[in-house]
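Read off the chains here:
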Amino acid sequence: MRLAAGEAEVSVDAGDGGRLSSLRIGGVELLRQGAGFGSFPMVPWCGRVAEGRFRDGAEVWQLPLNDPPHAIHGTGREMPWKVALASGTETVLTCELGEPWPYPGRVTQRIALEDGALTLSMGVEAYESSFPAQIGWHPWFLRDLGRGGEGARLEFDAAWQEERGGDHLPTGRRIAPLPGPWDDCFGMPDGVDVKVVWPGELELTVASREQWVVVYDEQAEAVCVEPQTGPPNGLNTLPRLVTQLDPLEASTTWSWRRLG
């Protein structure tokens, strides 16, 4: 599906994990292309789950180790989504939670484009028993827009950084933010606010009311800014329970302006 507003165009691939396969501003592509890239929803968990195991009350569940020795980024990105609504500027997608996730439920994702901004919203509903869950987004922004400009730089002011252990999981200790490169989770209690700046070309702001963001810039081709409802391994360390009466909901807005 293709959405368009002002000088922006977005392509949505419902069948490939409900991901954004393209975001073009004035004809310039902002997202890394290819299998596994673009921007995908992370649901029903974000980042790594330690050894793929999490506890829910007395039950201990084992998830597939798709990033050995851990499970990473949820199952939603690997599932086909159904189109519930589509227009020239908005689409609503749904997918059903199930194996290998141990609880039945539904995820609804809304993608809405306007001139100068893109808003992504997601909600998780429980059908029967309650369960812990997380949601977030994982965009791969191109480091170089291919127009001869400088590579992207990241600008943000975090209150803390989750100390990362040798297993790439937070240790539970909060530290002062360290200089990059990063594959790290940061805390922003007033809401996520991170700028991706291509000097002289474009500034894109990733904003969310959530207070957690993972920043990943260890690859030469792209940088990632991932707003989410909890830290990596949060199914174990900071579980947010989804019930039939209390769904989990979150949103992020990307806004942009030209530079120079």
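Residues numbered from 1 in each chain as written. Predicted model: local features only at pLDDT ≥ 70, side-chain atom pairs only at ≥ 80, totals over all residues. Heavy atoms only, no water.

As recorded in an unreviewed UniProt entry, the chain goes by the name Aldose 1-epimerase, listed as coming from Streptomyces gougerotii.

Caption draft 1: Quick look at the overall build of the chain. A count of helical and extended segments in the chain gives 1 helix and 26 strands. By the compact-globule yardstick of 18 Å for 260 residues, the chain fits well, its C-alpha radius of gyration being 18 Å. Principal-axis analysis of the C-alpha atoms places the extent of the chain at approximately 60 × 45 × 30 Å. When burial is assessed residue by residue, the chain has 53% of its 260 residues classed as buried. Of the contacts made within the chain by residues no fewer than 6 positions apart, 62% connect residues no fewer than 24 positions apart. (Helix = DSSP H or I, 4+ residues; strand = E, 2+ residues; numbered from the N terminus. Rg over C-alpha atoms; globule rule 2.2 N^0.38 Å. Buried < 20%, exposed > 50% of the residue type's maximum accessible area, 1.4 Å probe, protein only. Contact = heavy atoms within 4.5 Å.)

Caption draft 2: Here's a closer look at the sheet that holds strand β11 (residues 90-97). Within the open sheet, the 8 strands sit side by side as β10-β11-β12-β13-β26-β22-β21-β17. Their pairing is antiparallel. This sheet does not close on itself; its edge strands, each paired only once, are β10 (82-86) and β17 (153-155). With direction set aside, neighbouring strand axes in the sheet form an average angle of 15 degrees. In this structure, β17 lies alongside strand β21 (residues 192-198), joined through 3 bridges in antiparallel fashion. When the sheet's bridge partners are listed, Arg153 is paired in β21 with Val197. (Pairing = 2+ DSSP bridges. Axes fitted to C-alpha atoms, helices over the stretch in contact; angles between N-to-C directions.)

Caption draft 3: Examining the layout of surface pockets more closely. Of the voids in this model, the largest pocket is the one considered here, and its volume is about 340 Å³. Forming the boundary of the largest pocket are 22 residues, of which Arg48, Ile72, His73, His138 and Asp183 lie nearest the centre. Taken together, the elements giving at least two residues each to the lining of the largest pocket come down to β18 (160-164), β20 (183-187) and β23 (212-216). Considering only residue class, the lining of the largest pocket consists of 9 nonpolar, 5 polar and 8 charged. Estimated volume of the second largest pocket: approximately 170 Å³. If you go around the second largest pocket, the residues you meet are Glu162, Leu169, Pro170, Thr171, Gly172, Arg174, Trp212, Pro231, Pro232, Asn233, Thr237 and Leu238. (1 Å grid on protein atoms, 1.4 Å probe; cavity = no way out; pocket = protein on both sides within 12 Å on 5 of 7 lines; lining within 4 Å. Points joined across faces, edges and corners; volume = space filled by probe spheres on them. Nonpolar A, V, L, I, M, F, W, Y, C, P; charged D, E, K, R; others polar.)

Caption draft 4: Summary view of unusual backbone geometry. In the segment running from Pro68 into Pro69, the intervening peptide bond is cis, with an omega of 10 degrees. By the element assignment, Pro69 lies in the loop between β8 (59-62) and β9 (71-72). Cis geometry marks the peptide bond from Gly180 to Pro181, where omega comes out at 5 degrees. Tracing the backbone shows Pro181 in the loop between β19 (170-175) and β20. In this structure, His73 is a non-glycine residue whose phi angle is positive, near 70 degrees. Here His73 lies in the loop between β9 and β10.

Caption draft 5: Expanded view of the packing of aromatic side chains. All told, the structure shown has 13 aromatic pairs when counted by the stated rule. Measuring from centroid to centroid gives 6.0 Å for Trp182 and Phe186, while their planes differ by 90 degrees, and the two rings are edge-to-face. Comparing Trp182 with Phe186, the two get one shared label, buried. Cluster of aromatic residues (ring-pair linked, three or more members): Trp45, Phe54, Trp61, Trp101, Tyr103 and Phe131. Here the guanidinium or amino end of Arg32 rests over the ring plane of Phe37, the centre of that ring lying 3.9 Å away. (Phe/Tyr/Trp six-rings, centres within 6.5 Å; stacked < 30°, edge-to-face > 60°. Lys NZ or Arg CZ within 6 Å of the ring centre and 35° of its normal.)

Caption draft 6: Looking closely at empty space enclosed by the protein. Evaluation of the coordinates by the stated rule reveals 2 cavities of 30 Å³ or more. By volume, the largest cavity is sized at about 60 Å³. Grouping the amino acids of the lining of the largest cavity by side-chain chemistry returns 5 nonpolar, no polar and 3 charged. A volume near 40 Å³ is recorded for the second largest cavity. Looking at the second largest cavity, the residues that line it are Gly18, Arg19, Leu20, Ser39, Phe40, Pro41, Gln109, Ile111, Leu120 and Trp137. Contributing elements (two or more residues each) for the lining of the second largest cavity: β3 (19-25), β5 (39-42) and β12 (105-114).

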